[in-house]
Amino acid sequence: MTLDTIMRKRLITSSPVCCPRPRLLNLETAATFELTSEDEGHPIESALSSPGRPGWRAAGPGTQTIRLIFDQPQRLKANQSGVQ
């Protein structure tokens, strides 16, 4: 890059931009779940509830699919810990 090359740039203010806290969805009421299988002792509800629950497990081995079908269109955003 030479000094005669035009670079795209923009000056910004140094004040922090405040972002609204993301709205968390209640997936139990906002979507229908489709599953390829589910262990009776480890239902999908266990994966969505409070920590300490056993989580979800498939009823058998192999590739599994969990599909969420939202009642209303949703805007989702991925973050470091998963989807928001």
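Novice: So what exactly am I meant to see when it comes to the overall build of the protein here?
Specialist: Tallying secondary structure elements over the protein gives two helices and four strands in all. For the protein, the succession of helices and strands along the chain, N to C, is α-β-α-β-β-β. A total of 84 residues make up the protein; the buried ones form 8% of that total. In the protein, once contacts between residues fewer than 6 apart in sequence are set aside, the share between residues at least 24 apart is 42%.

Novice: Help me understand a negative patch on the surface, please; the structure alone is not making it clear to me.
Specialist: On the surface, a cluster of negative charge is contributed by Glu 28, Glu 38, Glu 40 and Glu 45. Take Glu 40: it is sitting in the loop between strand S1 (31-35) and helix H2 (44-48). Judged by relative accessible area, which is 80%, Glu 40 ranks as exposed.

Novice: Looking at this structure, how should I read the environment of Leu 27?
Specialist: Counting through the fold element by element, Leu 27 comes out in helix H1 (residues 27-30). On the basis of relative accessibility, which here comes to 22%, the residue Leu 27 falls in the partly exposed class. If sequence neighbours within four positions are ignored, Leu 27 has contacts with Phe 33, Leu 48, Leu 68 and Phe 70.

Novice: Would you explain the side chain of Ser 46 in this entry?
Specialist: The topology assignment puts Ser 46 in helix H2. The buried category is assigned to Ser 46, whose relative accessible area is 4%.

Novice: For this particular structure, what's the right way to read the pattern of salt bridges?
Specialist: Two side chains bearing opposite charge may form a pair once their charged atoms approach each other closely. Using the criterion set out here, one finds one salt bridge in the structure. A salt bridge links Arg 67 to Glu 34, with the shortest nitrogen-to-oxygen separation between them at 2.8 Å. Note that Arg 67 is positioned in strand S2 (residues 66-70) and Glu 34 in strand S1, a separation of 33 residues in sequence.

Rules behind the numbers
- Residues numbered from 1 in each chain as written.
- Predicted model: local features only at pLDDT ≥ 70, side-chain atom pairs only at ≥ 80, totals over all residues.
- Heavy atoms only, no water.
- Helix = DSSP H or I, 4+ residues; strand = E, 2+ residues; numbered from the N terminus.
- Buried < 20%, exposed > 50% of the residue type's maximum accessible area, 1.4 Å probe, protein only.
- Contact = heavy atoms within 4.5 Å.
- Patch = residues over 30% accessible without salt bridge, like charges linked within 9 Å, V, L, I, M, F, W, Y side chains within 5 Å.
- Areas by Shrake-Rupley, 256 points an atom, 1.4 Å probe, with all protein chains shown as cover.
- Salt bridge = Lys/Arg side-chain N within 4 Å of Asp/Glu carboxyl O.
- Lys, Arg positive; Asp, Glu negative; His and termini not counted.
- Charge placed at Lys NZ, Arg CZ, Asp CG, Glu CD.

Fair warning: the whole summary comes from geometry, so function is off the table for now.
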